[in-house]
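# A look at the structure
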Amino acid sequence: MVEKEEGGPGGISEEEAAQYDRQIRLWGLEAQKRLRASRVLLVGMKGLGAEVAKNLILAGVKGLTMLDHQQVSQEDTRAQFLIPGGSLGRNRAEASLERAQNLNPMVDVKADAGNVDTKPEEFFTQFDAVCLTCCSRDVMVKINHICHKNSIKFFAGDVFGYHGYMFAD
């Protein structure tokens, strides 16, 4: 049995305790409370981005903002499960929003069709963690510098067929 705190800041409701019971048993109530308070920015909604979004939403972060300025391509319709059929030409983040939100209604999921390259430094400070996929090295270095300076957790990764990489700061 997991002890629950009702109502207070950082507390966990009965509904949340039921939803996240396995996770609480795995890593503890305090870790789940920290997760439930986390706001995450996810950049790039191709195949890897969809997997990361799914895992964060199911884990129960407080909020997830999916940022992608690209349009849905034919490849996306086969490689990205959050995009419904008939979305060709729509923005990838916006096309992914409904299915992403349906994974866990307790998570505030948002779509941002903007370009990460044009976001000001202040934009990133509203998040506790930033995860980049589908970004150039220059963009990753720039945003990692912003995150490091503002004590924001930073993750970057991508997949190319059977190969991939991941970086955490």
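Our structure is the block above this text.
Quick look at the structure, then. (Residues numbered from 1 in each chain as written. Predicted model: local features only at pLDDT ≥ 70, side-chain atom pairs only at ≥ 80, totals over all residues. Heavy atoms only, no water.)

## A word on the packing of aromatic side chains
Aromatic ring pairs are described here by two measures, namely the spacing of the ring centres and the angle between the planes. Within the structure shown, the criterion is met by four aromatic pairs. Look at Phe 123 and Phe 124: their rings are 5.3 Å apart centre to centre, the planes differ by 85°, and that puts the pair in the edge-to-face class. Accessibility assignment for this pair places Phe 123 and Phe 124 in one class, buried. One aromatic cluster is present, formed by Phe 123, Phe 124 and Phe 127 through successive ring pairs. Lying over the aromatic face of Phe 123, Lys 119 brings its terminal NZ or CZ to 4.6 Å of the ring centre. (Phe/Tyr/Trp six-rings, centres within 6.5 Å; stacked < 30°, edge-to-face > 60°. Buried < 20%, exposed > 50% of the residue type's maximum accessible area, 1.4 Å probe, protein only. Lys NZ or Arg CZ within 6 Å of the ring centre and 35° of its normal.)

## Quick word on the layout of surface pockets
Of the pockets and cavities examined, the largest pocket occupies roughly 360 Å³. Lining the largest pocket we find 13 residues, and of these Leu 35, Ser 38, Ala 129, Lys 153 and Phe 155 sit closest to its centre. Elements represented by at least two residues in the lining of the largest pocket include exactly α3 (29–36), β4 (129–132) and β5 (153–160). Top contributing element to the lining of the largest pocket by residue count: α3, with three residues. Classifying every residue of the lining of the largest pocket gives nine nonpolar, one polar and three charged. In terms of lining, the second largest pocket is formed by Lys 46, Gly 47, Leu 48, Glu 75, Asp 76, Ala 79, Cys 134, Asp 158, Val 159 and Phe 160. Listing elements by their share of the lining of the second largest pocket, those giving two or more residues are α4 (47–59), α5 (74–79) and β5. Of the residues contributing to the lining of the second largest pocket, the split by class is five nonpolar, one polar and four charged. (1 Å grid on protein atoms, 1.4 Å probe; cavity = no way out; pocket = protein on both sides within 12 Å on 5 of 7 lines; lining within 4 Å. Points joined across faces, edges and corners; volume = space filled by probe spheres on them. Helix = DSSP H or I, 4+ residues; strand = E, 2+ residues; numbered from the N terminus. Nonpolar A, V, L, I, M, F, W, Y, C, P; charged D, E, K, R; others polar.)

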